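Secondary and tertiary structure notes
These are the residues of each chain, in order.
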Amino acid sequence: MARLNEEGQWIVLMGLLVAVALFFLAVIVNQSALVGQTTAEGVLEFPKNDIRDLREAVFDYVDVYEMYGEPTRKQLRNDIIEISLERKNAVVSFSVDDPQDILGHEMRPVTIHYNNGVTVYDETTYH
Amino acid sequence: MVNDAGQLYTMEGIAAGLIMLLAAYIVVSTTSIYTTGDTHIPDMQLEQLGSDVLAMMDTPDSVDGESQLVKFIETGEGNDLREAFLANCTMRSGDPDNSLRAQVYLSYRRTGGNVNTTPISREDESYTGRENAVRVTRWVQLTGNPSLPPDMPDDMQRSDPQTVLVEVLLWRA
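Conventions and cut-offs
Residues numbered from 1 in each chain as written. Chains lettered and ligands numbered in written order. Predicted model: local features only at pLDDT ≥ 70, side-chain atom pairs only at ≥ 80, totals over all residues. Heavy atoms only, no water. Domains from an automatic or database assignment. 1 Å grid on protein atoms, 1.4 Å probe; cavity = no way out; pocket = protein on both sides within 12 Å on 5 of 7 lines; lining within 4 Å. Points joined across faces, edges and corners; volume = space filled by probe spheres on them. Helix = DSSP H or I, 4+ residues; strand = E, 2+ residues; numbered from the N terminus. Phe/Tyr/Trp six-rings, centres within 6.5 Å; stacked < 30°, edge-to-face > 60°. Buried < 20%, exposed > 50% of the residue type's maximum accessible area, 1.4 Å probe, protein only. Lys NZ or Arg CZ within 6 Å of the ring centre and 35° of its normal. Pairing = 2+ DSSP bridges. Axes fitted to C-alpha atoms, helices over the stretch in contact; angles between N-to-C directions. Contact = heavy atoms within 4.5 Å. Salt bridge = Lys/Arg side-chain N within 4 Å of Asp/Glu carboxyl O.

Time to look at the domain arrangement of chain A. When the parts of a complex come together, some accessible area is lost, and that lost area is often taken as the interface size. Considered domain by domain, chain A is made up of domain 1 (9-45) and domain 2 (48-126). Measuring from the centre of the C-alpha atoms in domain 1 of chain A to the corresponding centre in domain 2 of chain A gives 47 Å.

Encoded structure:
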């Protein structure tokens, strides 16, 4: 030990620092793969277009609500509910109430419920 | 005379070389991480394109008018619906995107009450069943027309207003 020169210790220290920094970089690289996976899964699983489409279908139904009697309305409602269940694996229900005066406009309260097992969507709006 | 006084320097040199190689490898590999999520981005884009085209085709040209989509469904022209759909999908600058294929299905409730799904466009010749297809859908309200053409399914409630689901399978050949 007597012959060892201790002047280069800061080089060893820097080496340690670099190693620690590399370790953190490796952790970040690992996580980026995981983040990409979960994000893509989240985007794919979220039924954005299904919900948008359902809303428009319900609003179309509200538009013709007064044109038809209750038997026809029930048919239209069951069309949406049963085809949703059969073709989209989604439990859907919606209801329309009597018009209310909303800031001078006669609008009907509409409640929409959507559940495909992964995403649950509830909305109450006026149309 | 062999002198072994410099062995520590040799070890240090080897260690430094390894660290530099590792650092270079990590730096190069961080620039192109191909995650599993990336593989689905074209699917997501295709699905959005199809949804947008169906929404556009379901929009009437005039107030209280009938949309193109409703017209195609009411007259039973599933093949024309597919042609119009694909034409709208490929209506953009640059790549004509000739490899895009589609198949149109219609879901409706039978007079008996249960749901039936039937293809209303001719089956694509190149379809193998292994395509990486996406499905886009659109609700369509039919006002009820007793004189629907014979192309439409027989067990549809022709005279009553009803809501049907147009489903388009979209893929690249």
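The discussion continues.
With that out of the way, let us pick up the layout of surface pockets. The computed volume of the largest pocket comes to approximately 880 Å³. Along the walls of the largest pocket sit 31 residues, with Pro47(A), Asn49(A), Asp50(A), Glu47(B) and Arg135(B) positioned nearest its centre. Taken together, the elements giving at least two residues each to the lining of the largest pocket come down to helix H1 (9-45), helix H2 (48-63) and helix H3 (70-88) of chain A together with helix H2 (41-57) and strand E3 (134-142) of chain B. Here the element with the most residues in the lining of the largest pocket is H2(B); it accounts for 7 residues.

On to the packing of aromatic side chains. Overall, the coordinates contain 4 aromatic pairs over all chains when judged by the stated rule. Aromatic side chains Tyr61(A) and Phe94(A) sit 5.3 Å apart centroid to centroid with 75° between the ring planes, which places their arrangement in the edge-to-face category. Here Tyr61(A) is found in helix H2, whereas its partner Phe94(A) is found in strand E1 (residues 91-96), with 33 residues between them in sequence. You'll find Tyr61(A) and Phe94(A) in the same group, each marked buried. Taking 5.0 Å as the distance between ring centres and 55° as the angle between the ring planes, the aromatic pair formed by Tyr127(B) and Trp171(B) counts as tilted. Taken as a pair, Tyr127(B) in the loop between strand E2 (115-119) and E3 and Trp171(B) in strand E4 (residues 162-172) lie far apart in primary sequence, 44 residues in all. Residue Trp171(B) is classed as buried on the basis of its relative accessible area, which comes to 1%. Cluster of aromatic residues (ring-pair linked, three or more members): Tyr61(A), Tyr65(A) and Phe94(A). The ring of Tyr65(A) carries Arg73(A) above its face, with NZ or CZ at 4.1 Å from the centroid.

What follows concerns the sheet that holds strand E4 (residues 109-115) of chain A. All names here are of chain A. The strand order E1-E4-E5 describes an open sheet built from 3 strands, whose pairing is antiparallel. Looking at strand neighbours, the two that pair on one side only are E1 and strand E5 (120-126), the edges of this open sheet. Each strand axis lies, on average, 5° off the axis of its neighbour in the sheet, ignoring direction. Both E1 and E4 contribute to a ladder of 6 bridges, which runs antiparallel. When the sheet's bridge partners are listed, Phe94 is paired in E4 with Ile112. Most of the contacts of H2 go to E4, to which it runs at about 145°, and overall it touches E1, E4 and E5.

Residue and element names in this part refer to chain B. Along E3, 8 of the 9 residues are buried, which leaves the element largely enclosed by surrounding structure. Here E3 pairs with E4 via 9 bridges, running antiparallel. For Val136, the partnering residue across the bridge sits in E4 and is Val168.

This paragraph deals with the pattern of salt bridges. Residues and elements named next belong to chain A. Scanning the entire structure with this criterion turns up 13 salt bridges over all chains. Residue Glu70 pairs with Arg73 through a salt bridge whose shortest N-O separation is 3.1 Å. One end of the pair is Glu70 and the other is Arg73, both in helix H3 and 3 residues apart, which spans about a single turn. Here Glu70 falls in the partly exposed class, since its relative accessible area comes to 38%.

Pairing is antiparallel in the open sheet, where 4 strands are placed in the order E2-E1-E4-E3 (chain B). Strands with a single pairing partner mark the edges of an open sheet, and in this sheet they are E2 and E3 of chain B. Sheet twist, expressed as the average angle between the axes of neighbouring strands with direction ignored, equals 25°. When strand E1 (residues 100-109) of chain B meets E4(B), the two strands line up antiparallel, connected through 8 bridges. Within the sheet, the bridge partner assigned to Ser107(B) lies in E4(B) and is Leu165(B). Together, E1, E2, E3 and E4 of chain B form the strand contacts of H3(A), whose direction differs from that of E4(B) by roughly 30°. Here helix H4 (residues 78-89) of chain B sits on the sheet and contacts E1, E3 and E4 of chain B; the angle it forms with E1(B), its principal contact strand, is near 130°.

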